[in-house]
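Each chain is listed here by its residues.
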Amino acid sequence: MSKLLIVGTVAFDAIETPFGQTDKILGGAATFIGLAASQFKVESAIVSVVGGDFPKDYLRLLSDREIDISGIEVIESGKTFFWSGRYHNDMNTRDTLSTELNVLAKFDPKVPVAYKNAEILMLGNLHPKIQKQVLDQMEVKPKLTILDTMNFWMEHSLDELHLILKEVDVITINDEEARQLTHEYSLVVAARKIHEMGPRYVVIKKGEHGALLFHDENVFFAPALPLEEVFDPTGAGDTFAGGFAGFLAKTSDLTFENIKNAVIYGSTMASFCVEKFGAERMLNLTGDQVYKRLQQFKNLTQFEIELS
Ligand code: AMP
């Protein structure tokens, strides 16, 4: 078992999908990552910041799941990071309606002492400068550093993003963002270019079309489970990252074969996240449900062909 340190936003989200809309609800990259990783019962901590407007009950939802929240700073006089988005009818694409950084704009992250030697570091989506500040506070170089990011930071902080990319082992990114970062349409070429920017492993998420893992000359593909109902994709990418990192923290096995399994766990977790608005489904997920879905995943992809 390895310790897992997570940095990312803890936020309010307002979401519109073809099925309805929400007011400000619990969201944020670190929230989704932490909830997914908590399924693996690993030792984990979140580094983030919220304002005085953030309900204590929301923080309790995290600490109740044994996530160490001592690294979540509360700035009483400030407002919590707020994001709102609207999904198109295909549910795969969305427009960001608003991103209010609020307390995130001046955030000075502090890694809890007990996590300065965490073996797995999950740099969830937020300002690349903050991701770097967290990495620099580690007293022991993590065995695996995973980075997630999004178009917002490519548009606003590309130079800083390039700096941190040099220092990470794995990047998880969606297809549109991989194309934006590399100006390449082919995901194979994009992955090669991202690999040259730093990460040894490149995971490209393709929403309902699954995820690709690139490492040297190897490519691995995991489909997304075909679901009857997709209600709200918000946080699916972060939930994927949380399942991926949580599984690797639990198994402490960083071979390519096991990283392939981590992609399967990430996809499994993400398949739950989209079934309800925001983090609701992840808050009500049981180990038994995860087990059954993994079985479904196996059945979906297993076949025997005799090659003569
Ligand atoms: P995903 O759907 O996996 O891309 O993640 C959506 C989550 O990311 C939401 O809960 C938002 O609060 C959070 N988010 C949106 N924009 C940003 C941003 N620019 N930086 C960090 N987190 C963000």
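For the structure, see preceding data.
This report concerns the structure included in the present document. (Residues numbered from 1 in each chain as written. Predicted model: local features only at pLDDT ≥ 70, side-chain atom pairs only at ≥ 80, totals over all residues. Heavy atoms only, no water.)

With 5 of its 5 residues buried, strand S13 (residues 211-215) lies for the most part within the structure. Burial along S13 is two-sided: Ala211, Leu213 and His215 facing one way and Leu212 and Phe214 facing the other are all buried. Bridge count between strand S12 (residues 201-205) and S13: 5 bridges; the pairing is antiparallel. Residue pairing for S13: Ile204 is matched across the bridge by Leu212. (Buried < 20%, exposed > 50% of the residue type's maximum accessible area, 1.4 Å probe, protein only. Helix = DSSP H or I, 4+ residues; strand = E, 2+ residues; numbered from the N terminus. Pairing = 2+ DSSP bridges.)

A few words now on the environment of Leu62. Counting through the fold element by element, Leu62 comes out in helix H2 (residues 56-63). Taking the C-alpha atoms as reference points, Leu62 and Leu97, separated by 35 residues in sequence, lie 27 Å from one another.

Here we come to the pairing of strand S1 (residues 4-7). Covered by surrounding structure in S1 are Leu4 and Ile6 together with Leu5 and Val7, the residues of both alternating faces. In the sheet, S1 pairs with strand S5 (residues 44-51) via 4 bridges, with the strands oriented parallel. Looking across to S5, one finds that Leu5 is bridged to Ala45.

This part takes up helix H1 (residues 29-38). H1 sits mainly inside the fold: 10 of its 10 residues count as buried. Within H1 the residues assigned to the buried category are Ala29, Ala30, Thr31, Phe32, Ile33, Gly34, Leu35, Ala36, Ala37 and Ser38.

Taken as a whole and judged by the stated rule, the model has 13 salt bridges. As a salt-bridge pair, Lys56 and Glu76 come within 4.0 Å of each other at their nearest N and O atoms. On the criterion of sequence distance, the pair formed by Lys56 in helix H2 and Glu76 in the loop between strand S6 (67-75) and strand S7 (82-87) is long-range, its members being 20 residues apart. A salt bridge links Glu275 to Arg281; its shortest N-O distance comes to 3.0 Å. Looking at Glu275, the relative accessible area reads 19%, which means it is buried. The structure contains a network of salt bridges with shared partners spanning Lys132, Asp136 and Glu167. (Salt bridge = Lys/Arg side-chain N within 4 Å of Asp/Glu carboxyl O.)

Contact geometry for helix H6 (residues 175-182) and helix H7 (residues 187-197): axes closest at 9 Å, N-to-C directions at 60 degrees. Relative to H7, the crossing made by H6 is left-handed. Mapping the contact onto sequence places Asp175, Ala178, Arg179, Leu181 and Thr182 in H6 and Leu187, Ala190, Lys193, Ile194 and Met197 in H7. Across the contact of H6 with H7, the residue classes break down as 6 nonpolar, 1 polar and 3 charged. (Axes fitted to C-alpha atoms, helices over the stretch in contact; angles between N-to-C directions. Left-handed = near helix turned anticlockwise from the far one by under 90°. Contact = heavy atoms within 4.5 Å. Nonpolar A, V, L, I, M, F, W, Y, C, P; charged D, E, K, R; others polar.)

Taken together, 20 residues lie around the ligand, and Asp13, Gly28, Arg94, Gly235 and Asp238 are the ones closest in. Between the ligand and Arg94 there is a distance of 2.9 Å, counted from an oxygen atom to a side-chain nitrogen or oxygen. Between the ligand and the protein, one listed contact pairs a nitrogen atom with a side-chain N or O atom of Asn125 at 3.4 Å. Here the ligand, which alone exposes 510 Å², has 94% of that area covered by the protein. Secondary-structure elements contributing two or more residues to the shell around the ligand are strand S2 (11-17), helix H4 (151-156) and helix H8 (236-251). (Near = heavy atom within 4 Å. Polar contact = N/O pair within 3.5 Å; in protein donor to acceptor, adjacent residues only side chain to side chain. Areas by Shrake-Rupley, 256 points an atom, 1.4 Å probe, with all protein chains shown as cover.)

Peptide bonds are trans in most cases, and residues, glycine excluded, mostly fall at negative phi. At Lys41, a residue that is not glycine, the phi angle is positive and equals roughly 55 degrees. As for its placement among the helices and strands, Lys41 is situated in the loop between H1 and S5. Lys41 sits in the exposed class, given a relative accessible area of 66%.

Now for the nonpolar core. Membership of the largest hydrophobic core comes to 59 residues, with the highest contact counts inside it found for Leu4 and Phe244. The element best represented in this core is helix H9 (residues 256-273), accounting for 9 residues. Not counting the four nearest positions on each side in its chain, Leu4 is found in contact with Ala37, Val42, Glu43, Ser44, Ala45, Tyr115, Ile120, Met122, Ala245, Gly246 and Ala249. (Core = buried A, V, L, I, M, F, W, Y, C linked by side-chain atoms within 4.5 Å.)

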